[in-house]
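Chain by chain, the residues run as shown.
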Amino acid sequence: MNASRVRTARTSLVAALAAGGVLLLAGPASAHVSVQPGTAEKGGYSTINIKVPNEKDDASTVKLELNLDPKHPLASVMPQAVPGWEVKVEKTKLDKPLQMHGKTIEEAVSKVTWTGGKIEPGQFQQFPVSVGQLPTDADELVFKALQTYSDDDVVRWIDPSTPGGHEAEHPAPVLKLVDKAAKPGEKNAADDKGPKAEAASATTEKAAGSEGGSDTTARVLGVAGIVVGVAGVVFGVLAGRRRASA
């Protein structure tokens, strides 16, 4: 093998090792416990999935604890049954009761725990939860999750995200809250003028039409006056010529 082929082989090997290193680093970084989908409408209800990937090669995930945002308690939290897993819901008494459908809610779900199942290496599991009524005075809900492995290792997904900074090592799952989208044909508050506003608009349009009509009439009369004046001048000139000829 000549020198050029050796250099080419070495370059290819280095590139392959570098690419493999990037993949190894990127793999675990993207395998976070997360909320799917990541957004929901403010003031509404939504079914979210807590996506839990297994990040270990030699142990299985055997427990998940999900702590709800204490700053924004939810009146309704209902986990969906997941085959092979047992679910436990814990509630906490609220300092300030919530009002929902005419009822006073004095306690809300603060933690949901799944146990008894297994998430094997190289696999993930989704845990569906119906939540509502979502707050209207917040842009996000932060859930803190604890993932327990069969080797008793506990990974705490509780780190806050830093806007514009580096991603936290174990970021807490976040549900972004967005404003409710207007449905097709639905009027916004700004577009709802009401009977009085509509009547005033009609009056304004009528007045504008009247002004437009008056302006057109004035223009017609002005043109007619000019024509009559020109005709009078021509008649006078012709009459003068006739007198001169006579």
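Look up a bit, the structure's there.
Keep in mind that what you see is a predicted model, and the values were worked out from it rather than measured.

What counts and how
Residues numbered from 1 in each chain as written. Predicted model: local features only at pLDDT ≥ 70, side-chain atom pairs only at ≥ 80, totals over all residues. Heavy atoms only, no water. Pairing = 2+ DSSP bridges. Helix = DSSP H or I, 4+ residues; strand = E, 2+ residues; numbered from the N terminus. Axes fitted to C-alpha atoms, helices over the stretch in contact; angles between N-to-C directions. Phe/Tyr/Trp six-rings, centres within 6.5 Å; stacked < 30°, edge-to-face > 60°. Buried < 20%, exposed > 50% of the residue type's maximum accessible area, 1.4 Å probe, protein only.

Enquirer: Before we move on, can you summarise the sheet that holds strand β4 (residues 61-67) with the specific residues and values?
Expert: The strand order across the open sheet built from five strands is β6-β7-β4-β10-β11, with neighbouring strands paired in antiparallel fashion. Edge strands, defined here as strands with exactly one partner in the open sheet, are β6 (86-100) and β11 (154-157). Direction aside, neighbouring strands of the sheet carry axes that sit 15 degrees apart on average. Judged from the four bridges that link them, strand β10 (residues 144-149) and β11 form a sheet pairing that is antiparallel. By the bridge assignment for β11, Q147 is matched with V155.

Enquirer: Go over the sheet that holds strand β12 (residues 174-178), please, and point to the residues and values.
Expert: Judged by pairing direction, the sheet is mixed, and its three strands sit side by side in the order β2-β12-β9 without closing on themselves. Looking at strand neighbours, the two that pair on one side only are β2 (39-41) and β9 (140-142), the edges of this open sheet. Within this sheet the neighbouring strands show an average axis-to-axis angle of 25 degrees, counted without direction.

Enquirer: Can you lay out the packing of aromatic side chains for me, pointing to particular residues and giving the numbers?
Expert: Aromatic ring pairs are reported here in terms of the distance separating the ring centres and the angle at which the planes meet. Applying the stated rule across the entire model yields two aromatic pairs. Considering the side-chain rings of W85 and F127, the 5.2 Å spacing of their centres and the 90 degrees angle between planes classify their relative orientation as edge-to-face. In this pair, W85 sits in the loop between β5 (76-79) and β6 while F127 sits in strand β8 (residues 124-132), placing the two residues 42 residues apart along the sequence. Exposure remark for W85: the relative accessible area of 10% places this residue in the buried category. Relative to F127, the ring of W114 lies with its centre 4.9 Å away and its plane at 40 degrees, an arrangement referred to as tilted. In this pair, W114 sits in strand β7 (residues 103-119) while F127 sits in strand β8, placing the two residues 13 residues apart along the sequence. Each member of the pair, W114 as well as F127, carries the same accessibility label: buried. Members of the aromatic cluster, connected to one another through ring pairs, are W85, W114 and F127.

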